[in-house]
Amino acid sequence: NLEIQIKKQAHSLHDYQEIIKKTNALKVPVSKTEKYHVVEEAMMGNIKDPQKLADFTQLTIKSSQAMQTDLHEPTQHFLNLNNSLKLEKVEQLEKVVNQVHTLRETAGLGKGGELEIFDALNRTAPLLQNTIKNMDTGHLAAFLTTMKQAGVDTEAAATGLNTFTMALADGSNTSKS
């Protein structure tokens, strides 16, 4: 039972009750079971705050409907982004999600295009923390979308970008010594 799994992962009985109350109050056109699946996955992905869980669940459900996909893929992509970008608030994740939705529309990417961009963002997000700190997620998403538009596979674009930036960083460090 999903409610039992959620209860086991909650910090306290009060948190569990808040999580269930906020999840059930969401006005989204999916079943209670589907909502609970997203909540359970989010809790396994280290989102424990009741309000953040409710916000994350709502964002995931709305995005999966916009992308015309099941709930599992966006849930996993969003959890990975949330963790790799070390986001404090769901609003920050929502900004990234909206940027990718807009990029997909303006680039004319078909169904599934967003999931590919999210996957590539997850592969390259550590660059924003380590190597190319002056680039924000929106710029990185735009670059990856442009590469996809040009016919480059998003996995190849992400791998190439990682390799390129590491080589630049190594070269910069070598020239300083």
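The shown structure was predicted, so the numbers you read here are calculated from the model rather than taken from an experiment.

**Some details on the nonpolar core**
Now for step 1: Membership of the largest hydrophobic core comes to 49 residues, with the highest contact counts inside it found for I6, F56, F78, L93, F118 and L121.
Now for step 2: Broken down by element, the residue count for this core peaks at eight residues, all from helix 7 (residues 113-130).
Now for step 3: When near neighbours in sequence (up to four residues on either side) are disregarded, I6 contacts Y16, I19, I20, Y36, V39, E40 and M43.

**Brief notes about the side chain of E40**
Now for step 1: Checked against the element boundaries, E40 lands in helix 3 (residues 32-44).
Now for step 2: Leave out the neighbours within four places in its chain, and E40 touches L2, Q5, I6 and Q9.

**Here's the deal with the packing of helix 3 against helix 4 (residues 50-67)**
Now for step 1: It is the contact of helix 3 with helix 4, at a shortest axis distance of 9 Å, that shows an interaxial angle of 120 degrees. Considering the angle they form, helix 3 stands oblique to helix 4. In this structure, the crossing between helix 3 and helix 4 has a hand that is right-handed. Contact with helix 3, carried on its side by K35, V38, V39, A42 and M43, involves L53, F56, T57, T60 and I61 of helix 4 and no other residues of that element.
Now for step 2: Looking at the contact of helix 3 with helix 4 residue by residue, the class counts come to seven nonpolar, two polar and one charged.

Scoring rules and cut-offs
- Residues numbered from 1 in each chain as written.
- Predicted model: local features only at pLDDT ≥ 70, side-chain atom pairs only at ≥ 80, totals over all residues.
- Heavy atoms only, no water.
- Core = buried A, V, L, I, M, F, W, Y, C linked by side-chain atoms within 4.5 Å.
- Buried < 20%, exposed > 50% of the residue type's maximum accessible area, 1.4 Å probe, protein only.
- Helix = DSSP H or I, 4+ residues; strand = E, 2+ residues; numbered from the N terminus.
- Contact = heavy atoms within 4.5 Å.
- Axes fitted to C-alpha atoms, helices over the stretch in contact; angles between N-to-C directions.
- Parallel < 35°, antiparallel > 145°, perpendicular 65-115°, else oblique.
- Left-handed = near helix turned anticlockwise from the far one by under 90°.
- Nonpolar A, V, L, I, M, F, W, Y, C, P; charged D, E, K, R; others polar.

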